[in-house]
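If you want the building blocks of each chain, they are given just below.
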Amino acid sequence: MRAVLVLYFKYFLKWDDDFATTIYHTFVALCYLTPILGAIVADSWLGKFKTIVYLSIVYTLGQAVMAVSAVSEITDTNGDGAADNMTVHIALSMVGLILIALGTGGIKPCVAAFGGDQFEDHQEKQRSTFFSIFYLSINAGSLLSTLITPILRAQKCGKSSDSCYPLAFGVPAALMLVALVVFIVGSKMYIKVPPQGNIMVKVCKCIGFAIKNRYRHRSSRFPKREHWMDWAEEGYDKLLIAQVKMVLKVLFLYIPLPMFWALFDQQGSRWTLQATTMTGDFGLLTIQPDQMQTVNPILILLLVPIMDSAIYPLIAKCKLNFTPLKRMTVGMLLAALAFVAAGLVQIEIDKTLPDFPSSSQSQAKFINMLDKPLQATAGENDLTIQPFKASEGYLTFENDLDLITPEANFSFALNSSSRYTVVIFPDGVSKDALQFPDINKKPEQGNNEIRFLSGYSSLLSITVGSLSFGNVTSNNMSEYRSVPQGEAKFVIKDDSGNECTYDLTLGFGSSYTLIIPSTFTFGPTCKDSINAELDISPNSMHMAWQIPQYFLMTAGEVVFSVTGLEFSYSQAPSNMKSVLQAGWLLTVAVGNIIVLIIAEAAKLPEQWAEYILFASLLVLVCIIFAIMAVFYTYTDPAKIEAQFTDMEPEDKEKRKSVEMAKKDRRNSDSSDDDEEKRTQTRM
């Protein structure tokens, strides 16, 4: 669903790039904050099976609400197929996203762990195979979804010409429902471990007790202890305290990690928006902007076995001590390089974009609808415009436009930051019909904006596929219509039933004004007299230029993420794997929050500069992480736990005596209070 989410925000809800990116990363952050809630519910109350079932229902409902929110007809009051009350759609979208975040986040810490529960202690090989298949299925699902969901989105549905977002959201909802039913059907075959109390809650209570106890004994007359967690010895077992120390040691290393995820998750936001300004024509295959994300799961499926079976063994043979923390450092550097590559691509894209007017400027181009060349002066520019042709490119003006021709002089009021087409018609045409507004931004979603200018003597009906330009009157301009990439066949008809077909090959993101001259006649050669004037050039940078940045980011993910999970598992106590898993997911959430903060605070005018800023910040964080890694000492949790498995008798006796002393003190205080009350009563 995330594959098309940022495009849904931009093109259906009509949000700008920055706000769409903000809401996208807020949603992702919420998805990675809720696993903490899911872990607590599963371990303390419902158990993993019921938690998965109940929250999957919430998940499915969220997907269904998202599908409904994208149906423009629910607020279409005038029957044109467009949404008339966007507030309703935004409200439904937010409800759907919150439900999805609760559902997906709640089941994240449960699904893999529930699968692991199905194996006995002696089935380590089978359990390992299960996790490999589980990881493979996640990436296979990601690959299929990022291929299929954009195809569903690109379909036309309903009266509106908008993309079919209800289908793009509805199919995942249906598939989630099917998956839930299949999961429930197998209920009797599962091993269901009952909830045994949430270790995360115990860890938090132990840390809280240590902090409060240290604060009570902050005076210098109390001897210092080796570690601040040792102040929890009066209330908790030494084993639990030792385990918490190991967890805190790893969590401290997690502090710099969110910066990696801040860059990684922009594949679904900024990089997808970048792809909308590029061409996706791969010859036999045309790629949609949101389908470029498929490069990531494809490369994961290729790079994971290559890293495990070739790269890491080769490094080991070279006798290089490539520790997990060193791998993670390399992964962060690769992600930074990916954003440098994205910045370089953006610089090249910017070179191909039109030079739109600034906030103090306006632009205009001129079309000659006379049957003879036209000499004209526009401001300080002398023009020679051929019959039924447009002037070359747009001219920029700081003030209103004065146009001088041999026949007459004209003045036009031009709004700032706007583009116009000024048409010189034959004598007898009203002055008001001479000025037409043009689009002043790149067409959305890689489509092409097309309009017709007719000099034909009678009414014309123009269509392309199922899309109509309406009836175009003589000496007038049609409205823009959004036409997808490919071979477009425009059918032109008059009131007498005559028909002419005009073919035009369209790229990605162009704009044309098609001129039908006054000399136009129907017949076999009718299309030869139609002129296609290019207003905005099609995208020329190919989406293939994004592959290097995807390769670097995916390589960084494989080295960073897979290694990080392995490192966390190896350094975590036996009963606190879930705590570190929740901590790992929390770094993803914080990373998406970082995107929101930097994107809002920086407000850089150029997108390439924002990419370089993120890359620079990650390099800085990477240096800090490398320094922290140097001072980290690897531990063996099993050996440490073995030292505390059997508490020594004197330790037990010590804790018992401390508890008795506390009880005696409370009883003594209570007796003193009673005696004082009796004394006051006698007085």
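In this convention, every chain numbers its residues from 1, walking through the sequence in written order. Owing to the predicted nature of the model, reporting of local features is limited to residues with pLDDT of at least 70; listing and counting of side-chain atom pairs is limited to 80 or more, with chain, interface and lining totals taken over all residues. For the side-chain quantities, the full set of heavy atoms in the structure was used; hydrogens and water were omitted.

The name an unreviewed UniProt entry gives the chain is Solute carrier family 15 member 1, with Xyrichtys novacula as the organism. UniProt positions are given in the numbering used here, feature names are shortened, and annotations may be inferred rather than shown by experiment. On record in UniProt, under Sequence similarities (unreviewed entry), the comment for the chain is "Belongs to the major facilitator superfamily. Proton-dependent oligopeptide transporter (POT/PTR) (TC 2.A.17) family."

Colleague: Before we go on, may I ask you to explain helix H8 (residues 199-216) in this structure?
Modeller: Quick reminder: α-helices carry 3.6 residues per turn. Residues three or four places apart thus point the same way. Runs of E in the DSSP output that reach at least two residues are strands. Runs of H or I that reach at least four are helices, and both are numbered from the N terminus. To estimate how far a helix should reach, multiply one less than its number of residues by 1.5 Å. Taking 1.5 Å per residue, 18 residues should reach 26 Å; H8 reaches 26 Å between its end C-alpha atoms and fits that length. The buried label goes to any residue with under 20% of its type's maximum accessible area, the exposed label to any with over 50%, and the partly exposed label to all in between, with areas taken from a 1.4 Å probe on protein chains only. Listed in full, the buried residues belonging to H8 are Ile 199, Met 200, Val 203, Cys 206, Ile 207, Phe 209, Ala 210 and Asn 213.

Colleague: Can you help me understand the packing of helix H13 (residues 324-352) against helix H16 (residues 607-630) in this one?
Modeller: Between two packed helices, the angle of one axis relative to the other and the distance separating the axes together describe the packing. In contact at an axis separation of 8 Å, H13 and H16 are set at 170 degrees when each is read in the N-to-C sense. In terms of their interaxial angle, H13 and H16 are classed as roughly antiparallel. Throughout, the ten residues Ala, Val, Leu, Ile, Met, Phe, Trp, Tyr, Cys and Pro are labelled nonpolar, Asp, Glu, Lys and Arg are labelled charged, and all others, Gly among them, are labelled polar. Of the residues contributing to the contact of H13 with H16, the split by class is 22 nonpolar, 4 polar and 1 charged. Lines are fitted to the C-alpha atoms to define the axes, a helix being fitted only along its stretch in contact, and any angle between axes, read from their N-to-C directions, falls within 0 to 180 degrees. Roughly parallel refers to an angle under 35 degrees, roughly antiparallel to one over 145, roughly perpendicular to one between 65 and 115, and oblique to any angle outside these ranges.

Colleague: Would you mind going over the sheet that holds strand E3 (residues 381-385) with me for this structure?
Modeller: Sheet strands line up and pair through hydrogen bonds in the backbone, either parallel or antiparallel. When DSSP finds two or more bridges between two strands, those strands count as paired. A sheet is described by the order of its strands in space; here 4 strands give the open sequence E3-E2-E6-E7, paired in antiparallel fashion. Each edge of the open sheet carries a strand with a single partner, namely E3 and strand E7 (409-412). Strand-to-strand twist across the sheet, computed as the mean angle between neighbouring axes with direction ignored, equals 25 degrees. In this structure, strand E2 (residues 374-378) lies alongside strand E6 (residues 401-404), joined through 2 bridges in antiparallel fashion. Looking at the pairing, Thr 377 lines up with Ile 404 of E6.

Colleague: Just to check I follow, could you spell out the sheet that holds strand E16 (residues 499-506) for this structure?
Modeller: The 4 strands are arranged E12-E11-E15-E16 in an open sheet whose pairing can be described as antiparallel. Where the open sheet ends on each side, the last strands, each with one partner, are strand E12 (467-472) and E16. Taking each pair of neighbouring strands and ignoring which way they run, the sheet shows an average axis angle of 20 degrees. With 4 bridges joining them, strand E11 (residues 460-464) and E12 adopt antiparallel strand pairing. What sits directly across from Thr 463, in E12, is Ser 468.

Colleague: Looking at this structure, I do not really get the state of the cysteines. What am I missing?
Modeller: The rule for a disulfide is simple: a pair of cysteine sulfur atoms within 2.5 Å. Enumeration according to the criterion identifies 1 disulfide in this entry. The disulfide partner of Cys 500 is Cys 526, and the gap between their sulfur atoms is 1.9 Å. Classification of the bridge connecting Cys 500 and Cys 526 rests on its S-S torsion, roughly 95 degrees, and on that basis the disulfide is right-handed. Taken together, the residues Cys 500 in strand E16 and Cys 526 in the loop between strand E17 (511-516) and strand E18 (531-536) connect sequence positions 26 residues apart. Exposure class is identical for Cys 500 and Cys 526. Each is buried. Residue Cys 31 stays outside any disulfide, its sulfur separated by 15 Å from that of Cys 110, the closest cysteine. The buried category is assigned to Cys 31, whose relative accessible area is 6%.

Colleague: Where do I start with the pattern of salt bridges in this structure?
Modeller: A side chain with one charge may pair with a side chain of the opposite charge, provided their charged atoms come close. Salt bridge, as used here, is a side-chain nitrogen of Lys or Arg placed within 4 Å of a carboxyl oxygen of Asp or Glu. Inspection of the entire model under this criterion finds 12 salt bridges. We note a salt bridge from Asp 230 to Lys 245, for which the minimum N-O separation is 2.6 Å. With Asp 230 in the loop between H8 and helix H9 (238-254) and Lys 245 in helix H9, the pair connects residues that are 15 residues apart, well separated along the chain. The exposure class assigned to Asp 230 is buried, which follows from its relative accessible area of 9%.

Colleague: I tried to follow the nonpolar core on my own but got confused; where do I start?
Modeller: Across soluble globular proteins, nonpolar side chains show a tendency to be buried alongside one another. Think of a nonpolar core as a cluster: buried Ala, Val, Leu, Ile, Met, Phe, Trp, Tyr and Cys residues, connected wherever their side-chain atoms sit within 4.5 Å. The biggest cluster of nonpolar side chains holds 111 residues, and the ones touching the most others in it are Leu 5, Tyr 8, Phe 9, Phe 27, Phe 169 and Met 259. In terms of residues, this core owes the most to one element, H13, which gives 11 residues. In this structure, Val 423, Ile 424, Phe 425 and Phe 436 belong to the second largest nonpolar core, which totals 29 residues.

Colleague: Help me understand a nonpolar patch on the surface, please; the structure alone is not making it clear to me.
Modeller: Each patch is built from residues lacking any salt bridge and having more than 30% relative accessible area; the joining distance is 9 Å for like charges and 5 Å for nonpolar side chains (Val, Leu, Ile, Met, Phe, Trp, Tyr). Note on areas: these come from Shrake-Rupley sampling with a 1.4 Å probe, and a residue is covered only by the protein chains present in the view. A cluster of nonpolar side chains, namely Leu 30, Leu 33, Leu 37, Ile 98, Leu 102, Leu 586, Val 590, Ile 593 and Ile 597, defines an oily patch on the protein surface of about 680 Å² accessible area. At 4 residues, helix H15 (residues 577-602) tops the list of elements feeding residues into the nonpolar patch. Within the secondary structure, Val 590 is located in helix H15.

Colleague: Quick question: what am I supposed to make of unusual backbone geometry here?
Modeller: The phi angle of most residues is negative, glycine excepted, and most peptide bonds adopt the trans form. The phi dihedral of Phe 388 falls on the positive side, at around 55 degrees, and the residue is not glycine. As for its position among the elements, Phe 388 is in the loop between E3 and strand E4 (389-390). A positive phi angle is found at Ser 417, which is not glycine, with a value near 65 degrees. Looking at the element boundaries, Ser 417 is found in the loop between E7 and strand E8 (418-424). Take Ser 417: its relative accessible area is 27%, and that puts it in the partly exposed class.

Colleague: What is the right way to look at the packing of helix H2 (residues 17-33) against helix H5 (residues 86-116) in this model?
Modeller: Contact geometry of H2 with H5 gives a least axis separation of 7 Å together with a crossing angle of 35 degrees. Here Ile 23, Phe 27, Leu 30, Cys 31 and Tyr 32 of H2 lie close against H5, whose contacting residues are Met 94, Leu 97, Ile 100, Ala 101, Thr 104, Gly 105 and Lys 108. Of the residues contributing to the contact of H2 with H5, the split by class is 9 nonpolar, 2 polar and 1 charged. Two residues form a contact once any of their heavy atoms are found within 4.5 Å.

Colleague: Where do I start with the pairing of E6 in this structure?
Modeller: The side chains of a regular strand alternate between both faces of the sheet. Where burial is concerned, the two faces of E6 differ: the one with Leu 401 and Leu 403 is buried and the one with Asp 402 and Ile 404 is not. What sits between the antiparallel neighbours E6 and E7 is a turn of 4 residues.

Colleague: I'm lost on the packing of aromatic side chains in this one. Help?
Modeller: The way to describe two aromatic rings as a pair is by their centre distance and the angle between their planes. Stacked, tilted and edge-to-face are the three classes assigned to paired rings of Phe, Tyr and Trp, where Trp is represented by its six-membered ring and a pair needs centres within 6.5 Å; plane angles under 30 degrees give stacked, over 60 edge-to-face, the rest tilted. Applying the stated criterion to the full structure yields 37 aromatic pairs. With 5.9 Å between their ring centres and 55 degrees between their planes, Phe 49 and Tyr 190 make a pair best called tilted. Here the residue Phe 49 occupies a position in helix H4 (residues 48-69), and Tyr 190 occupies one in the loop between helix H7 (165-185) and H8, the gap between them amounting to 141 residues. Classification of Tyr 190 as partly exposed rests on a relative accessible area of 23%. Placement of a positive charge over a ring is assigned whenever Lys NZ or Arg CZ falls within 6 Å of the ring centre and within 35 degrees of the normal to the ring plane. The lysine or arginine in question, Lys 249, covers the ring of Tyr 632, its NZ or CZ lying 4.7 Å from the ring centre.

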